[in-house]
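Understanding the architecture of this molecule
Spelled out from the first residue to the last, the chains are:
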Amino acid sequence: PAHLPFRSDKYWKEFLTTPWTMERIGTDRFNNLTEPCQEHFDYRDIISCAVEPLRKDQYDHKLLYSEHQPFYEMRNDGSGEPYDN
């Protein structure tokens, strides 16, 4: 799936039962209160806040499609929790 790097290599059962999220990486580990997140989300409502949290040369493998630009929208209730699948 586009912009969902931690779901691209899963088998169907795991894909369908895994929450829609990933760990924050690179520059996204720090809440930047001075700049808006991508697509104007609040930090708690999206992973990754940064459009490209790691430079492409920082990955130790060939990138898949849009893996370098993760976009996981969290629940629309302010909790910062991911959607179940």
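Rules and cut-offs
- Residues numbered from 1 in each chain as written.
- Predicted model: local features only at pLDDT ≥ 70, side-chain atom pairs only at ≥ 80, totals over all residues.
- Heavy atoms only, no water.
- Phe/Tyr/Trp six-rings, centres within 6.5 Å; stacked < 30°, edge-to-face > 60°.
- Helix = DSSP H or I, 4+ residues; strand = E, 2+ residues; numbered from the N terminus.
- Lys NZ or Arg CZ within 6 Å of the ring centre and 35° of its normal.
- Contact = heavy atoms within 4.5 Å.

Our focus in this paragraph is the packing of aromatic side chains. Going through the model one piece at a time under the given rule, you end up with one aromatic pair. Considering the side-chain rings of phenylalanine 41 and phenylalanine 71, the 5.8 Å spacing of their centres and the 80 degrees angle between planes classify their relative orientation as edge-to-face. Here phenylalanine 41 is found in the loop between helix 1 (12-17) and strand 1 (46-47), whereas its partner phenylalanine 71 is found in the loop between strand 1 and strand 2 (72-73), with 30 residues between them in sequence. One Lys or Arg, arginine 24, reaches over the ring of tyrosine 43 and ends 3.9 Å from the middle of that ring.

Next up on the list: the environment of glutamate 52. Within the secondary structure layout, glutamate 52 lies in the loop between strand 1 and strand 2. Along the chain, glutamate 52 and glutamine 38 lie 14 residues apart, while their C-alpha atoms are 9.6 Å from each other. In contact with glutamate 52, other than residues within four places in its own chain, are Thr27, His68 and Gln69.

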